[in-house]
Amino acid sequence: MLRIGASGLCSTVALLMVVVVQLLPEVFDETIQRLLGIGPHPYQVVQAIYTGVAVELMNRVYMRVALRLTRWENHRTTSAFAHHQNLKVFLFGVVNCNF
């Protein structure tokens with residue numbers, strides 16, 4: 001039971017990391033525009049590319065993390081393993097892609 005709680009904590013930390021990574025361009029938009037020397041319209045393109053790459057990278061990394069966490073939880077059945085693995089990946093994907 002302790003392993004499931006620790007796994008949930010790790011998943012929560014990963015979700016918070018997604019929120020921070022997704023908010024970086026919004027918070028520092030003026031600073032980034034000034035550093036890159038671009039206006040607001042080209043910056044929107046840069047921000048879109050950043051968001052797309054960040055979402056894809058976070059999904060790929062978390063798939064591996066979720067698999068390790070689910071293995072570490074040591075479920076008794078393969079159906080319980082699959083359920084917990086799918087739940088982790090689904091919740092992460094919802095937050096990552098829709099935030």
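It should be noted that the structure appears before, not after, this text.
The structure displayed is predicted, hence computed values, not measured ones.

Counting its secondary structure elements, the protein contains 4 helices and 0 strands. Put simply, the protein runs from its N terminus to its C terminus through helices and strands in the order α-α-α-α. The globule rule puts the C-alpha radius of gyration for 99 residues at 13 Å, and the 17 Å found for the protein is more than 25% above it. A principal-axis box enclosing the C-alpha atoms of the protein has dimensions of 55 × 20 × 15 Å. Relative to its full complement of 99 residues, the protein shows a buried share of 22%. When contacts within the protein are restricted to residue pairs at least 6 apart in sequence, those whose partners lie at least 24 apart make up 63%. Per element, the accessible surface of the protein, about 7100 Å² overall, is 68% carbon and sulfur. In the protein, the 8 positive side-chain charges and the 5 negative ones have mean positions that sit 20 Å from each other.

A word on the side chain of Ser-11. Tracing the backbone through its elements, the reader meets Ser-11 in helix α1 (residues 2-27). A residue is classified by how much of its surface remains accessible, and Ser-11, at 12% relative accessible area, is buried. The residues contacting Ser-11, other than those within four sequence positions of it, are Tyr-62, Leu-69 and Lys-88.

A separate point is the nonpolar core. Ala-14, Val-18, Met-58, Tyr-62, Ala-66 and Phe-92 form the largest nonpolar core, which has 6 residues in total. At the level of elements, α1 and α3 (40-73) are the ones that each hand at least two residues to this core. With residues up to four places along the chain from it excluded, the contact list for Tyr-62 reads Ser-11, Ala-14, Lys-88, Val-89 and Phe-92.

For the rest of this paragraph, the subject is the packing of helix α2 (residues 29-36) against α3. Remark: α2 packs on α3, axes separated minimally by 10 Å, with the N-to-C direction vectors making an angle of 105°. Between α2 and α3, the interaxial angle falls into the category roughly perpendicular. Along the contact surface, α2 presents Asp-29, Ile-32, Gln-33 and Leu-36, while α3 presents Pro-40, Tyr-43 and Val-46.

Definitions and limits used
- For every chain, the first residue of the written sequence is number 1, and numbering continues from 1 along that sequence.
- In keeping with the model being predicted, local features are shown solely for residues with a pLDDT of at least 70 and side-chain atom pairs are shown and tallied solely at 80 or more, while totals for entire chains, interfaces and linings include all residues.
- Side-chain metrics rest on all non-hydrogen atoms present in the structure, leaving aside hydrogens and water.
- Think of it this way: any DSSP run of H or I at least four residues long counts as a helix, any run of E at least two long counts as a strand, and we number them from the N terminus.
- In this description the radius of gyration comes from C-alpha coordinates, and the expected globular size is given by 2.2 Å times residues to the power 0.38.
- Note on exposure labels: buried denotes an accessible area under 20% of the residue type's maximum, exposed denotes more than 50%, and partly exposed covers the range between, all computed with a 1.4 Å probe on protein chains only.
- Only heavy atoms matter for contacts: two residues are in contact if any of them lie within 4.5 Å across the pair.
- Residue-level accessible areas treat just the shown protein chains as cover; the underlying method is Shrake-Rupley with a 1.4 Å probe.
- When charges are counted, Lys and Arg are positive and Asp and Glu negative, with His and the chain ends excluded.
- Here the site of a charge means atom NZ of a Lys, CZ of an Arg, CG of an Asp or CD of a Glu.
- By convention a nonpolar core is built from buried Ala, Val, Leu, Ile, Met, Phe, Trp, Tyr and Cys residues, the set being connected through side-chain atoms within 4.5 Å.
- To define axes, lines are fitted to C-alpha atoms, for helices over the stretch in contact only, and angles between the resulting N-to-C directions are given on a 0 to 180 degree scale.
- Small angles under 35 degrees read as roughly parallel and large ones over 145 as roughly antiparallel, with 65 to 115 read as roughly perpendicular and the rest as oblique.

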